[in-house]
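In case you want the letters, here they are:
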Amino acid sequence: MDLAHTEEEEDFRARLREWLAAALPKLPPRPDSLDWPARRAYDTGWQRMLYDAGYGSVHWEAAPAVRLVFLEETELAGAPYVGANFVGLLHAGPTIAAEGTPEQRARWLDPVLRGDEVWCQGFSEPDAGSDLASLRTRAVRDGDHYVVTGSKIWTSHAEVADWCELLVRTDPAAPKHRGISWLALPMDAPGVTVRPLRTLAGSAEFAEVFLDEVRVPVANRVGAENDGWRVTLVTLSYERGTAFVGEVVACRRVLGELAARARADGRWDDAALRRRLGRLGAEFGALWRLIQWNVSEAARAGGPPGVGASVFKLRYSHARQELYDAAADVLGAGALDLGEAWTGERLSALSYTIAAGTSQIQRSIVAERVLGLPKGR
């Protein structure tokens, strides 16, 4: 596999750099990181700028290598990340593009790309987190609607979302992986209650969602009834395979900043520190190559990223924690001078072994689907 960029891809990179240089100074000041309504406005405003400039559909319509160039260059330029748009742009949108009907794609994709609508993710439940297929939120068919009752937890951006990618049980008598359906839930529907949850870092980007006989049109089901687990695997493949691309670029930038700080402070003479940072540099370089391999294989197969996404997610989660542990050692008390953003990143790094599928789940996937080991009990 050739991982070098083509002339066309490098032309795209040059045009994007030129546009970013002109566009970024026009952005308003970044809002408080804990003010999610303001961050929604900021993030959707940026998405509209991308859309108007012809970059809005890069996540779905561009070739995989072009998407990587886009994510790499926007991160290096310090452009806003997808933020409140991440579920729509990186999870629900690609899933609907791959699995939705023409009518569903026409209804939901363009509003996401324009920044008009924000999605949240309603997968986990209080008793069905890592074992997602054990979910109990039920949907009973009533004519042209499902009547949905249950609750979700750790629902990303529910407090500012217009839509929710919702997993429900439509056949309680079926084996647990076969009685699930994937619905698009309007968050303003009667019977939906959102209760924000505050994280260790102080953010309320997650919420509990309570569903009390909420009526959802059958037309909002993506995929066939009771085929939701297969559709969910498409969603999770995108989440684990490409959703962290910009963050890998950011981690490589942070690593370079740490090395520069160590040189400036005279810490570079510490051989153990050099080895530690060097190993992390090799880790993130390898992760970047793994991303390239994953998206190239997905393009060749004509679908979402495969099990390589779990290999990436497993190693990236731990490498990110190791990076911010190293940063704490290099910066010491000086880390406090870097303010809320650095502190929030270090605290959020702790969650990556849980978010988007725990490390234990990723190890099981790798063991069973890559190494061919028998399923655990």
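The text that follows walks through the structure, step by step, so that each part is easy to find. In this text the structure is predicted, and so the values were computed from the model without any measurement. (Residues numbered from 1 in each chain as written. Predicted model: local features only at pLDDT ≥ 70, side-chain atom pairs only at ≥ 80, totals over all residues. Heavy atoms only, no water.)

**Focus: the packing of helix α1 (residues 7-23) against helix α2 (residues 36-52)**
Where we set the bar: The axes are straight lines fitted to the C-alpha atoms, using for helices just the contacting stretch, and the angles between their N-to-C directions are given from 0 to 180°. Runs of E in the DSSP output that reach at least two residues are strands. Runs of H or I that reach at least four are helices, and both are numbered from the N terminus. Any angle between 65 and 115 degrees counts as roughly perpendicular, while under 35 counts as roughly parallel, over 145 as roughly antiparallel, and the rest as oblique. Note on convention: the crossing is left-handed when the near helix lies turned anticlockwise from the far helix by less than a right angle, right-handed when the turn is clockwise. Throughout, a residue-residue contact means that at least one pair of heavy atoms, one from each residue, lies within 4.5 Å.
Between α1 and α2, the shortest axis-to-axis distance is 12 Å and the interhelical angle comes to 135°. Compared by their axis directions, α1 and α2 come out oblique. As α1 packs across α2, the resulting crossing turns out to be right-handed. Along the contact surface, α1 presents W19, L20 and A23, while α2 presents W46, M49 and L50.

**Here we look at the nonpolar core**
Soluble globular proteins tend to bury their nonpolar side chains together. Short version of the rule: Put simply, buried Ala, Val, Leu, Ile, Met, Phe, Trp, Tyr and Cys residues joined by side-chain atoms within 4.5 Å make one nonpolar core. Only protein chains enter the calculation, and the probe is 1.4 Å; a residue is then buried if its accessible area is under 20% of its type maximum, exposed if over 50%, and partly exposed in between.
In this structure, V248, L258, F284, Y316 and L323 are the most contacted members of the largest nonpolar core, which totals 25 residues. If you list the elements that add at least two residues to this core, you get α8 (245-264), α9 (271-301) and α10 (308-331). Ranked by residues supplied to this core, first place goes to α10 with 9 residues. Listed in part, the 24 residues of the second largest apolar core include I96, L113, W119 and A133.

**A few points about helix α5 (residues 86-99)**
What counts, and what does not: One fewer than the residue count of a helix, multiplied by 1.5 Å, yields its expected span. Two axes enter the bend calculation: one fitted to the seven residues ending at the residue in question, the other to the seven starting there, and the bend is the angle between them.
Counted at 1.5 Å a residue, the expected span for α5 with its 14 residues is 20 Å, and the 19 Å between its end C-alpha atoms agrees. If you look at α5, its biggest bend is around 40°, right at A92, and the proline P94 turns up within four residues after that. For α5, the tally of buried residues reaches 10 of 14 residues, placing the bulk of the element in the interior. Those residues of α5 that sit buried are V87, G88, L89, L90, H91, A92, G93, P94, T95 and I96.

**A look at the pairing of strand β5 (residues 180-186)**
For clarity, the threshold we go by: Whether two strands pair depends on DSSP finding at least two bridges between them.
Of all 7 residues in β5, 7 are buried, a share of seventy percent or more. Residues I180, W182, A184 and P186 point to one face of β5 and S181, L183 and L185 to the other, with burial holding for every one of them. Looking at chain direction, strand β4 (residues 163-169) and β5 are connected through 7 bridges and run antiparallel. Counted as the bridge partner of V168 is S181 from β5. Two strands pair when backbone bridges link them, and β5 and strand β8 (residues 221-222) are joined in this way by 2 bridges, in the antiparallel orientation. Note that in β8 the partner of L183 across the bridge is R221.

**Quick notes on the packing of aromatic side chains**
So the rule is basically this: A pair of aromatic rings is counted whenever rings of Phe, Tyr or Trp (Trp by its six-membered ring) have centres within 6.5 Å, and the orientation is called stacked for planes under 30 degrees apart, edge-to-face for over 60 and tilted otherwise.
For the structure on display, the rule yields 9 aromatic pairs. Ring centres of W19 and Y55 lie 5.3 Å apart, and the angle between their planes is 55°; on these two criteria the pair is classed as tilted. One end of the pair, W19, is in helix α1; the other, Y55, is in the loop between α2 and α3 (58-61), and 36 residues separate them in sequence. Between the aromatic rings of F284 and Y316, the centroid separation amounts to 6.5 Å while the plane-to-plane angle is 75°, which identifies the pairing as edge-to-face. One end of the pair, F284, is in helix α9; the other, Y316, is in helix α10, with 32 residues separating them in the sequence. Judged by its relative accessible area of 0%, F284 falls in the buried class. The exposure class assigned to Y316 is buried, which follows from its relative accessible area of 0%. Site record: aromatic cluster; members linked through ring pairs are F12, W19, W46, Y55 and F70.

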